[in-house]
Amino acid sequence: MSSAYHYVADGEVVDGSWELNILVTDLQLERTLRVMGDTHIGGVMVKLVQALDIALDWSDHALWWPEKNKWLHRARSTLDQYNVQADAKLQFTPMHKNLKVQLPDLQVLELSVDFSIKCFTAVVQTCKELGIRHPEEMSFMRKWDRDDLKKVAKEVHKRKKRGDPDQNGPLSSNGTHHNSSGSIEGGKLSPYPNRSPMGPSPTSTLARPGNTSYMSTSSSTYNTFNGTMSPGSISNLAFENVWENSLANSPHMPTKDASQYLYRPRNFAEKARINCAWLDSSTSLMEQGIKENDFIMLKFKFYNYYDLNPKYDAIRINQIYEQAKWSLISEEIDCTEEEMMVFAALQYQVRIQSGQPQPDFDLTQNNQSEDDEIDAALKDLQESLEGSAISSHGDITHIPELSDYIRVFKPKKLTLKSYKRYFATFKDTFIAFYRSKEESHGPPVMAKIDVRGCEAQPDVNLSSHKYGIKLFVPEPDGMSEICLRFDMEDHYCRWMAACKLASKGKTMADSSYEAEVQALQSFLGLQHTAVSPSSQSSQGSTAIEIQPEDYIAARFFKKLKGKPLVSRIMEAHASVQDMSLIESKLAYIKAWQSLPEYGITYFRIKMTNSKKEELMGVACNRIIRMELSSGDSLKTWRYNTLQSWHVNWEVENVILDFDTEKVMFASMECSCKTIHEFIGGYIFLSMRSTDKNQSLNEEMFHKLTGGWHE
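The notes below deal with the structure included here.

So, about the overall build of the chain. When helices and strands are tallied, the chain shows 19 helices and 26 strands. Of all 710 residues assigned to the chain, the portion counted as buried reaches 52%. Of the contacts made within the chain by residues no fewer than 6 positions apart, 62% connect residues no fewer than 24 positions apart. As presented, the chain carries roughly 33,500 Å² of accessible surface, and 50% of it is formed by carbon and sulfur atoms.

Next comes the structure, spelled out in structure tokens:
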């Protein structure tokens, strides 16, 4: 009907066309085009470029509809299909825009990022440009001010997305006031001072070397799951060695300079509030209120690191190490005093080694490690076919068992702490308690615990020879705490490893048991002070180089101020002083992963039919319902019992269907989509196979994290 001609009295022709106003943001020019409802979006852009008659490359431009907050990127769709009418004000704007992106090590890069595609895809492209494998583990975060943590995060998020101004001027989506140059207030963009024009020095904002033009999404030279690159892809990445080295070996930064960029949460509520800053992976940056030259953060979102390979992952390993380091120093994650000294020692070793030449990569050794990986994969396949309960003697009926005298205590309110000594056995996934060893050969059993679904947390203090396990056992009305205390370090390591496996439904017959024991022994071994003559002789010369506040969390610095902190760091350093740079970083990451709070992302929630606010902790293998004030576990669900998960958008509830129950809750601060995305994201990551040539299935990621009920 719009194509029909109708004649009126004055002789004008009415053909159903109307005028569409479009702003060309690059030129700040407005053009009015006569279009019809069946005009395709591609045709509108062609008409606009012809009307401009300016010899420029417009291939990176697309139509943006500010009022509706969406891109009109389907070139074959018509204006009618997008419901665009004469009152619409469109913009013709570049899809790629500059962003100031802060990496986990707090360095800031000026990058060109595609604002028109889903955030997940933009992260994939950014990681490809930076040379970081497995981008599915990372995401973008808004940069919020400390004051925002004290406010109701949901209201802050709405205000930022609207871009509401306040008394100090326009507020950007990152919560900071922008000047005309796009840098954040005070001109302070990076914790590093200005860099030399010759290239990145240890102190400033990193500008992307060469042309900042974007990379084609159709490039197949880089596999985002395994990160391998073809010879021709190096030039596409536009890397300069100096930039790559700065990302793989971050310059040292004093904590006082970094403090303004670090959150220092004081309680679990603030730890949960931080996670409201994650961007939605299924929505474009533009649609989430991100503007050109904004300051955002690129961080590891999912604590499930796949195939950390020193040959390919120098940058990735360093950035994980840096994120771990700052999470400990800023107290986002807690650790004991002895553990803090180990982290400080490893950090100091990294700093020493970063200034020294490192041994070349041994290709023969790598080939051997690849052969070992193949052998391990074949062994896993054999065990899955034959059963993993095969002992070293080849006896498939043999089931490993632990038995020791241990001290046991079950805390109760208003009771004094008192441990009682029992003889305990650990077989399959059960711990049985007896009055004596003699009674263990038959009934009666005093008590028996099924460790499946339990939470096992270390309770260790080496200086007082305390080796304990806090076991949180699921019960109908919540989690019951049982404390186990051991006399010997080796006994603790074996029981702790058994508890960790049993909580996942595995037994000590599993092939990973001995590796778990060794990991615990290694971590405790690092905490033992072992002062060697070399470390003692060098202590005087190196002490002036160590500022303790740069290596330990503020609460330890305040607690131990005036005490020989440098000496304690150097004593711990004696155990790690022979490690190479990459070994030190990997040891730091491994020790970080051993902490009880590692890998738990907190959200403030309210269970359906409950008036009490609680915490929901999402980890790589489980979901934990927790007390908001203390962080104590109330109940744990494993992903292997999760049948479905989705969001009821009408009431904004997350719904989790487990084998035995249905769990429903509302998010009190961030979008319920954020929680859903974490759960679906971890399930997506668990689907990664040992095949190093697998490709990244973005469609599957969005299907698992989208938030709708299939």
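Packing of helix α9 (residues 314-329) against helix α17 (residues 581-593) brings their axes to within 9 Å, and their N-to-C directions diverge by 50 degrees. Between α9 and α17, the angle is such that the two are oblique. In the packing of α9 onto α17, the handedness of the crossing is left-handed. Where α9 approaches α17, its residues I317, N318, I320, Y321, A324, K325, S327 and L328 are matched on the opposing element by I582, K585, L586, Y588, I589 and W592. In terms of residue class, the contact of α9 with α17 is made up of 10 nonpolar, 2 polar and 2 charged.

We now examine unusual backbone geometry. It is generally the case that most residues other than glycine have a negative phi and that most peptide bonds are trans. Unusually for a residue other than glycine, H134 sits at a positive phi of about 55 degrees. With respect to the helices and strands, the residue H134 is situated in the loop between α2 (119-130) and β10 (138-142). Of the residues examined, H134 reaches a relative accessible area of 0% and is grouped as buried. For H465, which is not a glycine, the phi torsion comes out positive at approximately 55 degrees. Tracing the backbone shows H465 in the loop between β17 (455-461) and β18 (466-475).

This part is about the packing of aromatic side chains. For any two aromatic rings, the description comes down to two numbers: the centre-to-centre distance and the angle of the planes. Enumeration over the complete set of coordinates arrives at 25 aromatic pairs. Look at F120 and F701: their rings are 4.0 Å apart centre to centre, the planes differ by 20 degrees, and that puts the pair in the stacked class. On the criterion of sequence distance, the pair formed by F120 in helix α2 and F701 in helix α19 (residues 698-705) is long-range, its members being 581 residues apart. Residue classification places F701 among the buried positions, given a relative accessible area of 1%. With a centroid separation of 5.0 Å and an interplanar angle of 70 degrees, the aromatic rings of Y405 and F423 are classed as edge-to-face.

Counting residues in hydrophobic clusters, the biggest one holds 110 residues, and the most contacted among them are F140, F343, W592, L656 and I679. In terms of residues, this core owes the most to one element, helix α10 (residues 337-354), which gives 9 residues. If you look at the next biggest cluster of nonpolar residues, it comprises 35 residues, including I449, M496, A498 and M508.

By secondary structure assignment, the location of F603 is in strand β20 (residues 601-607). For the pair F603 and L615, spaced 12 residues apart in sequence, the C-alpha separation works out to 5.6 Å. The residues contacting F603, other than those within four sequence positions of it, are A272, N275, E614, L615, M616, V618, C670, T674, I675 and F678.

Along the chain, S584 turns up in helix α17. When its relative accessible area of 0% is taken as the criterion, S584 is described as buried. One polar contact links the side chain of S584 to the main-chain carbonyl oxygen of S580, over a distance of 2.7 Å. Non-local contacts of S584, meaning those with residues more than four positions away in its chain, are made with L346, Q349, V350 and M579.

Here we come to α10. Under the 1.5 Å per step criterion, the end-to-end length of α10 is 26 Å for 18 residues, consistent within 8% with the ideal 26 Å. Of all 18 residues in α10, 15 are buried; the element is thus mostly enclosed.

On to the sheet that holds strand β25 (residues 653-658). Working definition: the strands of a sheet are paired by backbone hydrogen bonds and lie parallel or antiparallel to each other. The strand order across the open sheet formed by 7 strands is β23-β22-β21-β20-β26-β25-β24, and the pairing between neighbours is antiparallel. On the outer flanks of this sheet lie β23 (633-638) and β24 (642-648), each paired with one strand and no other. Averaged over all neighbouring strand pairs, the angle between strand axes comes to 30 degrees, with direction disregarded.

Rules and cut-offs
- Residues numbered from 1 in each chain as written.
- Predicted model: local features only at pLDDT ≥ 70, side-chain atom pairs only at ≥ 80, totals over all residues.
- Heavy atoms only, no water.
- Helix = DSSP H or I, 4+ residues; strand = E, 2+ residues; numbered from the N terminus.
- Buried < 20%, exposed > 50% of the residue type's maximum accessible area, 1.4 Å probe, protein only.
- Contact = heavy atoms within 4.5 Å.
- Areas by Shrake-Rupley, 256 points an atom, 1.4 Å probe, with all protein chains shown as cover.
- Axes fitted to C-alpha atoms, helices over the stretch in contact; angles between N-to-C directions.
- Parallel < 35°, antiparallel > 145°, perpendicular 65-115°, else oblique.
- Left-handed = near helix turned anticlockwise from the far one by under 90°.
- Nonpolar A, V, L, I, M, F, W, Y, C, P; charged D, E, K, R; others polar.
- Phe/Tyr/Trp six-rings, centres within 6.5 Å; stacked < 30°, edge-to-face > 60°.
- Core = buried A, V, L, I, M, F, W, Y, C linked by side-chain atoms within 4.5 Å.
- Polar contact = N/O pair within 3.5 Å; in protein donor to acceptor, adjacent residues only side chain to side chain.
- Expected span 1.5 Å × (residues − 1).
- Pairing = 2+ DSSP bridges.

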